[in-house]
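Overview (structure and organization)
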Amino acid sequence: MENMSESNFESYPPFFRPPIASLEEGFFDLEKPTKQTLDLPVIDLECIDHDRLSEACKDWGVFRLVNHGIPVTLLNQLHDHAKKLFFLSFESKQALFTNPIAYFWGTPALTPSGGVALQKGPQPQHVNWMEGFNVLLRELSHLQYDDPLLDSFGLLLEEYGRHQSRVATRIFEAMAENLNMCLKQSGSYLSPATGLARVYRYPCCPEPNRAWGMDTHTDSSVISILNQDKVGGLQFLKDDKWIDVQPIPNTLVINLGDIMQAMSDDKYKSVKHRVKVNKHEARISIGYFVFPAEDFVIRSSKYKPFTNADFRAQTQQDLRTVGFKVGLDRFKLT
Ligand code: OGA
Ligand code: NI
């Protein structure tokens, strides 16, 4: 069995093994912790309170979801499998995973999409302190791995994907109703066939003020759904303050992405968020991202018409040329 202790550095990408001299000295300030009284709004999927949902989408762009109907055993098994797979040596992870489950580390293009350009040799100061598996959910059913652990991981992800698509569809329909969007088109606004999962591990970082687990960003999706373990570190920006999302077992965190913001004419917001790393414990989280049908044209009063494919192409171009995602500003009507 693999060595599952926190100090099994064989499993870390070499860049993350101590000593971490290649990072700049404390290149950002961690604000002093403030006593936090705010927590995310809570939405109950079994009985959606439309007013509360609408407020959460306008004021926060993120909320916690309870009664989501995903069996807790599925969530636990998925985390257990992920943990075991991450503990394989770095070299085995690189060798073992191929599409539709691809291994990456460092900074992925922050626009989840099929076949994303994942940077394999990032610049030190831009490295996100994490590694992960990028999973194209619709291709999982064709999956055949020789490795039993990987095989059952694939099956669990497939089942998880079905639940995520159910949850995302239900939430989207409620949002579309609140926004008076044309529900007949809801299958184009939100296409579960585009769904992808990212399973992350944020390794322990001996000097947590010298790296971000994931630097500040917005998601490019319509909706993103996160399931995090007990470690914590996820933060969302609310009224210019960073709010810690306390891990609460068996709940999901749903945030809105750029495309939802555009579809809502900026009424709803694509919220900024980031992940802190810590010294003592690695953190695992599983994200699900869903987009509109690839060639569906998103029309709004604030942005030029664009498709998901346009948005992704622009983001990839920006990552190559300016080094970061410019996002919706590229499409803003002036
Ligand atoms: C993301 C993201 C947060 C987390 O993948 O876009 O924000 O907790 N992940 O892993
Ligand atoms: Ni994100």
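Residues numbered from 1 in each chain as written. Chains lettered and ligands numbered in written order. Predicted model: local features only at pLDDT ≥ 70, side-chain atom pairs only at ≥ 80, totals over all residues. Heavy atoms only, no water.

**Quick notes on the nonpolar core**
Of all hydrophobic cores here, the largest spans 95 residues; its most connected members are Ile101, Phe133, Phe153, Phe172, Met175 and Ile223. Residue contributions to this core peak at twelve residues, all from helix α4 (residues 148–178). When sequence neighbours within four positions are dropped, the list of residues in contact with phenylalanine 133 reads Leu85, Phe86, Phe97, Ile101, Ala102, Tyr103, Phe104, Phe153, Ala197, Arg198 and Val199. (Core = buried A, V, L, I, M, F, W, Y, C linked by side-chain atoms within 4.5 Å. Buried < 20%, exposed > 50% of the residue type's maximum accessible area, 1.4 Å probe, protein only. Helix = DSSP H or I, 4+ residues; strand = E, 2+ residues; numbered from the N terminus. Contact = heavy atoms within 4.5 Å.)

**Describing the site of ligand 1**
Taken together, Tyr200, Tyr202, Met214, His217, Asp219, Leu226, Leu234, His273, Val275, Arg283, Ser285 and Phe289 are the residues near ligand 1. With respect to ligand 1, the side chain of tyrosine 202 contributes an N or O atom lying 2.6 Å from an oxygen atom. Between ligand 1 and the protein, one listed contact pairs an oxygen atom with a side-chain N or O atom of serine 285 at 2.6 Å. A total of 290 Å² of accessible area belongs to ligand 1 in isolation, and the protein chains cover 98% of it. At the level of elements, β5 (191–202), β6 (214–217), β11 (273–275) and β12 (283–291) are the ones that each hand at least two residues to the shell around ligand 1. Considering every element that reaches the shell around ligand 1, the biggest residue donor is β12, with three residues. Classifying every residue of the shell around ligand 1 gives seven nonpolar, three polar and two charged. (Near = heavy atom within 4 Å. Polar contact = N/O pair within 3.5 Å; in protein donor to acceptor, adjacent residues only side chain to side chain. Areas by Shrake-Rupley, 256 points an atom, 1.4 Å probe, with all protein chains shown as cover. Nonpolar A, V, L, I, M, F, W, Y, C, P; charged D, E, K, R; others polar.)

By themselves these figures say nothing about function.
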